[in-house]
Amino acid sequence: MKRQVYPMLHEQVFRNLSEQNLSLNDVFDRIRSFMARDPRAAYQLVVGTDAQVHAGHTKFVTSVVIVRPGRGAWFCYRQVIVPRELRSLREKLSLETTYSQEIAAYFDTGKRAALEDILLPYAYHGASLAMFVDIDAGTDAKRNRTSAMVAELVGRIEAMGLSARVKPEAIAASSVSNRYTKTPYRGASASKTASNFG
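Everything in this summary refers to the structure shown in the same document.

Thresholds, definitions, all that
Residues numbered from 1 in each chain as written. Predicted model: local features only at pLDDT ≥ 70, side-chain atom pairs only at ≥ 80, totals over all residues. Heavy atoms only, no water. Core = buried A, V, L, I, M, F, W, Y, C linked by side-chain atoms within 4.5 Å. Buried < 20%, exposed > 50% of the residue type's maximum accessible area, 1.4 Å probe, protein only. Helix = DSSP H or I, 4+ residues; strand = E, 2+ residues; numbered from the N terminus. Pairing = 2+ DSSP bridges. Arc of directions from axis to C-beta. Contact = heavy atoms within 4.5 Å.

Here's the deal with the nonpolar core
1) Next: Counting 38 residues, the largest nonpolar core has Val-27, Ile-31, Met-35, Leu-45, Val-64, Ile-66 and Phe-107 as its most contacted members.
2) Next: With 6 residues, the single largest contributor to this core is helix 1 (residues 24–36).
3) Next: Within the second largest apolar cluster, 10 residues are counted, among which are Val-46, Val-61, Val-65 and Phe-75.

Here's the deal with the pairing of strand 2 (residues 42–54)
If a strand is regular, its side chains alternate between the two faces of the sheet.
1) Next: Pairing of strand 2 with strand 5 (residues 128–138), which is carried by 7 bridges, proceeds in the parallel orientation. Looking across to strand 5, one finds that Leu-45 is bridged to Met-131.
2) Next: Bridge count between strand 2 and strand 3 (residues 57–67): 11 bridges; the pairing is antiparallel. Paired with Val-47 across the bridge in strand 3 is Val-64.
3) Next: In this antiparallel pair of consecutive strands, strand 2 and strand 3, the connection spans 2 residues, and Gly-56 shows a positive phi of 80 degrees.

Quick look at helix 4 (residues 150–158)
1) Next: Those residues of helix 4 that fall on the buried side of the exposure criterion are Val-150, Leu-153, Val-154 and Ile-157. For helix 4, the angular spread of buried residues about the axis comes to 95 degrees, placing them on one side.
2) Next: Buried-residue contacts for helix 4 involve helix 2 (89–104), strand 5 and strand 6 (163–167).

Structure follows, in structure tokens:
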């Protein structure tokens, strides 16, 4: 039986259950609209990546989630396919963090200020925005083989001027992204939704 060969795939667009082919500017507009519907609330903007090794490839999924704690959320995700089975935990976690950083960098101080402007009139009534990059690693050495890498990965996020969260607080990476890494890449609509390298 011939082994399937996978392309290197680095999607530049996002999707969710109801929309496809969202640019990062579209994602920003959806987040802004979500927040404008309830400008008195506290929000968390979270970016996180998870990966799963499948036969012949490793699938990375990066999620962007805007959470109104206890009162709903909006999310979208994109995928990156690496055409080999990444068995090194350090390499896998490093790439997860890199892909999260790539998306988090879009939400620079100007973008965050534009979102905060929505909430500013209600700041004294509890309106707020916090941004986090979730890292799919934990500090408990007994339960997580990843604990030795946490300081390095958190340092990379903090060097960007952002806040990092790890398990069990890292909900975007460990639940939203995780849900979409479980199925192997099937090659659907790659030409429309991705940049192919090689």
